[in-house]
Structure formats: structure tokens, C-alpha cells
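Now for the letters of each chain:
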Amino acid sequence: MTQQQAFIIDAVRSPRGRGNDKGALKGIKPVDLLAQQLAALQERTGVNTSEASDGIFGCVTQTADQGSNIGKLALVRAGWSDAVSGMTINRYCASGLSAVQFASFQALANDGVAVAGGVEMMSRVPMASDKGPLTHDLEFQRQTTLVPIGIAADTIATMEGFTREQCDAYALESQRRAVAARDEGRFRSVVPVKGEGGEVVLAQDETPRASTTLQSLSDLTPAFAEMGVKYGVDALLCKQYGLAGIDHVQHAGNSPTMADGAAAVLVASEGAVARLGLKPRARILATADASIDHVLALTGAADATAKALQRAGLTVADIDLFEVNESFAALMLHYMKHLNVPHEKLNVNGGAIALGHAMGATGSSLVGMAIDELERRKAKRAVVAICGAAGVAVAMVIELVGAGAA
């Protein structure tokens, strides 16, 4: 029997604002930021929201402004039908893509429509402010050898032999690509964010830094070296993995930039597409979850990609574009090396190092970015992949349909 495929009707995202007090979006509530994307999605697709069986949304730090099942509350705020259920999930940084994956399952199971997305406003709800055991329970961390992810990234770089110079060169290229894409208007999925009076607060990503140079990157101090020595993490990792030392290559310039952002994606079954007269932009060929060594944690995007490609019956050579969250520069070098993905296919419009990482929203944002670029290039297929803390990861293979397909 042929396996059913879910269709992506449309995908939108907010521009990403700086995730600090100077960020343009700081004055917007997270529920309003996500609601604006949901309203734009409904307007662009014309869907009767009462047809949606469920809404699934990613958010990592679910406390304060981002607590109380913010996904469902954003549906209410956006004026979607009360018939739409809603939940908010946390699979760390993979949450937004998992939300799209789960929504596709719901659409197929109900032969209907579902909505997905995510939100994270790190200017208002700082990372780890929920004070969970991953970041705040030192006894638990010692018992489970869960280490700060930046040190994990440095350890992977050490094991793979990636140098500071290689990581900085990658980061510079991410900035160059992101600035070019923004200036050329390639991000068609971006919906400007408005204030209470209807004024545009932010129309395009404010995180890319056009002034970045190799020299400015080389001047930055390694972010995790002092922590690794002070808390004995380096010694522990050296013993566990047989290393002589940890080469600390990651710093603020080649790590993901903290950001504010939200995204929304509408998915539907084939039956719902026909019944409701929807016009899909892409189909989901396959998805895959992966979970790897919880200590090193961050290489799972490669594992999930390999599984998703196998399920789709495809190889790396069959894929035109790879949109992979730039967890750290070293992890992108790892992804390319272990999957044999050429850099000219990976994050062609930059990634989180330049564009910012709004944790719970990034995965769903990447879906729209991938579809935008496939259409612009008149290409066919893309892989979207993202990893998260404690070893989790998700990947999705998508293919254009209709007029956008090659």
C-alpha cells in the first residue's frame, strides 16, 4: 500500500529580532507574536480555521510570558475557531520542527487540516529561566554527565579536528549569505511584525551583521574555555572520550545568536486538499527522529537526516537544499563531513549564526525558508533538520508540488 503524504499548504515566519533588551521585538508579547503569524497564515491560505483539528507549537522555555500552553492561547488571540485544539511541546531546539511533524500526523489521521509552529522570545523569557534540571540541578548533571552544549560542541570539534579558523570561516560565510538573502528579499515567508497601533515594528531580520570579518571573529574569546576548566567538565570529557585536552573553538561569533521569533505552518491530507480547495506548496516525503549520545548531544541532525532520506528512498545527491539549524559552526562542519553534503547546498541563505535562533520557533521557520528557496531556484527537494539538547533531533524531507516544482 502507498503511504499517504501530508501537504504543506503554506508557511510563514516573523523576522527574527535580537534576543536581548535592544531587540526590536522586545515590546511584543510572545502570544501576540505567534498570533500575528497565525493570522497571516489564515489570510494567505484562506482556510476556514474550524477545519483544523489541532494546533501544535514548539516553545522551549515555557514559563512567564511563554507559559500556560501559549500555543493554544495564540490560536485564541489570532481569532482561530474554538474548534481547534492546541498544545505546546518542548523537544528543546527541535520543538518547532517536531510540531510540524506531529501536525502532519494529525492531518493524516483525521484526513483533515492541522496547524503547527513555534515561538521563543529570548529578550523577554531568557534561556533557562524555567530553571529545569538540565541547567539548574548540578547534582543531576553530575549523575547523568549532561554538560553545557557549548562545551559539547568544543569536544566534537576536538574529536573531529575542526580548527578555530575553520569554524570562523564557516561563521563568516553564514553572515555573508544571510545579509545577501535579506537585502535581495529572498525570505518570502517573512511576515512583518506590527505594534498595537498597526505600525510595523520589524520588517526583516535584524540579527545578521554585515560588518563581520575574519579579523573581528578571531578577536573574540572562546566562550566555554573558562567554564570547562573551572567546573572540571574538560577533565571529565577528556577521560570519557580519551582526549588529551579540549580545543575550545566556539565563541559568540560562531555560535547561534539568541533571537526572538515565531512561525506557523499549515498542513493537510490529500483528501482535505481536494475537499477544501487548498493549494499546497510542498509535500512531506518523510520524517525521522533520532536520539544520540546525550553527552555530546549535538550531532543528531546528521543521524535524523540519514534516517529520513532512507525512508524517502533518496540519497544526499537527490536533495537540492539542506536547511539545518546552525547549532554551532563545528556541528555544521560535522554535518557536511559525515553526510558528504556540499557547502553550496547547505544553508544557502545563512543560518542561526547570522539569522538568530529563536529556539522553539526555528524548526518551523526553516520549513518556510526551504520552500521559499526551492521555489526561487525552481528546484525540487529539501531536507530540514535540527538537533537539540540531550541528544534529540528531527529531520524532514520535503518536495515542491504544483507550479513551484521543477
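Residues numbered from 1 in each chain as written. Predicted model: local features only at pLDDT ≥ 70, side-chain atom pairs only at ≥ 80, totals over all residues. Heavy atoms only, no water.

> What is the right way to look at the overall build of the chain in this model?
When its secondary structure is counted, the chain shows 15 helices and 12 strands. Relative to a compact globule of 406 residues, whose C-alpha radius of gyration would be 22 Å, the chain shows 20 Å and is just as compact. In terms of overall dimensions, the chain has a C-alpha envelope of 60 × 45 × 45 Å along the principal axes. Counting only residues that meet the buried cut, the chain has 59% of its 406 residues in that class. (Helix = DSSP H or I, 4+ residues; strand = E, 2+ residues; numbered from the N terminus. Rg over C-alpha atoms; globule rule 2.2 N^0.38 Å. Buried < 20%, exposed > 50% of the residue type's maximum accessible area, 1.4 Å probe, protein only.)

> I'm lost on the packing of helix α12 (residues 300–312) against helix α13 (residues 329–339) in this one. Help?
The interhelical angle for the contact between α12 and α13, taken along N-to-C directions, is 35°, at an axis separation of 9 Å. Of the two possible hands of crossing, α12 and α13 adopt the one that is right-handed. Across the interface between the two elements, Ala301, Ala302, Thr305 and Ala306 from α12 touch His334, Tyr335 and Leu339 from α13. Among the residues forming the contact of α12 with α13, the class breakdown is five nonpolar, two polar and no charged. (Axes fitted to C-alpha atoms, helices over the stretch in contact; angles between N-to-C directions. Left-handed = near helix turned anticlockwise from the far one by under 90°. Contact = heavy atoms within 4.5 Å. Nonpolar A, V, L, I, M, F, W, Y, C, P; charged D, E, K, R; others polar.)

> Honestly, helix α6 (residues 149–160) in this entry has me stumped. Any pointers?
Because an α-helix packs 3.6 residues into every turn, residues spaced three or four apart end up facing the same way. Taking 1.5 Å as the rise per residue, α6 with 12 residues should run 16 Å; its terminal C-alpha atoms sit 16 Å apart, in good agreement. Taken together, the buried positions of α6 are occupied by Gly150, Ile151, Ala152, Ala153, Asp154, Thr155, Ile156 and Ala157. Structurally, α6 contributes buried residues whose contacts are with α9 (225–230), α10 (233–241) and α13. Phi turns positive one or two residues past the end of α6, at Gly161, with a value near 80°. (Expected span 1.5 Å × (residues − 1).)

> Where do I start with the environment of Leu97 in this structure?
If you trace the backbone, Leu97 turns up in helix α3 (residues 95–109). If near-sequence neighbours (up to four positions away) are discounted, Leu97 is found in contact with Gly363, Ser364, Val367, Val384, Ala385, Ile386, Val394, Ala395 and Met396.

> Sorry, what's going on with the nonpolar core here?
Generally speaking, a soluble globular protein has its nonpolar side chains buried in company with each other. By size, the foremost hydrophobic cluster in this structure holds 53 residues, and its most contacted members are Phe322, Tyr335 and Leu346. At eight residues, the largest contribution of residues to this core is made by α13. Counting 39 residues, the second-largest nonpolar core is a separate cluster that includes Ile89, Ala107, Ile371 and Val394. (Core = buried A, V, L, I, M, F, W, Y, C linked by side-chain atoms within 4.5 Å.)

> Any chance you could explain the packing of aromatic side chains here in plain terms?
One pass over the full model with this rule turns up three aromatic pairs. A centroid spacing of 6.3 Å and a plane angle of 70° characterise the contact between Phe322 and Tyr335, whose relative ring orientation is edge-to-face. Here Phe322, found in strand β10 (residues 321–324), pairs with Tyr335, found in helix α13; they are 13 residues apart in sequence, far enough to count as distant. The same class applies to Phe322 as to Tyr335, namely buried. Above the face of the Phe187 ring, Arg13 is positioned so that its terminal group lies 5.0 Å from the ring centre. (Phe/Tyr/Trp six-rings, centres within 6.5 Å; stacked < 30°, edge-to-face > 60°. Lys NZ or Arg CZ within 6 Å of the ring centre and 35° of its normal.)

> Just to check I follow, could you spell out helix α7 (residues 164–183) for this structure?
The terminal C-alpha atoms of α7 lie 29 Å apart, and with 20 residues this matches the ideal 28 Å at 1.5 Å per residue to within 8%. Where α7 terminates, the next one or two residues include Gly185, which has phi positive at roughly 70°.

> Help me understand the pattern of salt bridges, please; the structure alone is not making it clear to me.
Two side chains carrying opposite charge are able to pair once their charged atoms lie near each other. Considering all chains together, one arrives at 22 salt bridges under this definition. Note that Asp168 and Arg164 form a salt bridge whose closest N and O atoms lie 3.0 Å from each other. Of this pair, Asp168 and Arg164 both sit in helix α7, four residues apart, which is roughly one turn of the helix. Accessibility assignment for this pair places Asp168 and Arg164 in one class, buried. Connected via shared salt-bridge partners are Asp10, Arg44, Arg188, Arg281, Asp372 and Glu375. (Salt bridge = Lys/Arg side-chain N within 4 Å of Asp/Glu carboxyl O.)

> Explain unusual backbone geometry to me, please; I cannot follow it from the model alone.
Excluding glycine, most residues fall at negative phi; most peptide bonds, likewise, are trans. For Asn69, which is not glycine, the phi torsion reads 55° and is therefore positive. Mapping Asn69 onto the fold places it in the loop between β3 (52–58) and α2 (70–77). Not every positive phi belongs to a glycine, and Lys378 is a case in point at roughly 55°.

> Explanation requested: the packing of α3 against helix α15 (residues 359–377) in the structure shown.
Two numbers describe a pair of packed helices, the interaxial angle and the distance between the axes. Relative orientation of the contacting elements α3 and α15 amounts to 60°, with a least axis distance of 4 Å. With respect to each other, α3 and α15 are oriented oblique. Residues Ser95, Gly96, Leu97 and Val100 of α3 lie in contact with α15, whose contacting residues are Gly360, Gly363, Ser364 and Val367. For the contact of α3 with α15, a count of residues per class yields three nonpolar, five polar and no charged. (Parallel < 35°, antiparallel > 145°, perpendicular 65-115°, else oblique.)

> What should I look at first to understand the environment of Ser129 in this one?
If you trace the backbone, Ser129 turns up in the loop between β5 (113–121) and α4 (133–136). Remark: the alpha-carbon pair of Ser129 and Thr63, spanning 66 residues in sequence, is separated by 7.5 Å. With residues near it in sequence (within four places) discarded, Ser129 still touches Thr61 and Thr63.

> Can you walk me through the pairing of strand β11 (residues 381–387) in this structure?
A regular strand places its side chains so that they alternate between the two faces of the sheet. The element β11 is extensively covered by neighbouring structure, given that seven of its seven residues are classed as buried. Burial along β11 is two-sided: Arg381, Val383, Ala385 and Cys387 and Ala382, Val384 and Ile386, pointing in opposite directions, are all buried. Two elements, β10 and β11, share four bridges in a ladder whose sense is parallel. Bridge pairing in β11 places Val324 opposite Ala385. Two elements, β11 and strand β12 (residues 392–400), share seven bridges in a ladder whose sense is antiparallel. (Pairing = 2+ DSSP bridges.)

> What is the right way to look at the pairing of strand β9 (residues 282–291) in this model?
Burial of β9 is extensive: seven of the 10 residues sit out of reach of the surface. Two strands pair when backbone bridges link them, and strand β1 (residues 7–13) and β9 are joined in this way by two bridges, in the antiparallel orientation. Each bridged residue has a counterpart across the sheet, and for Phe7 the counterpart in β9 is Arg283. Taken together, the nine bridges between β9 and β12 define a ladder with antiparallel strand orientation. Residue pairing in the sheet places Ser291 in a bridge with Val392 of β12.

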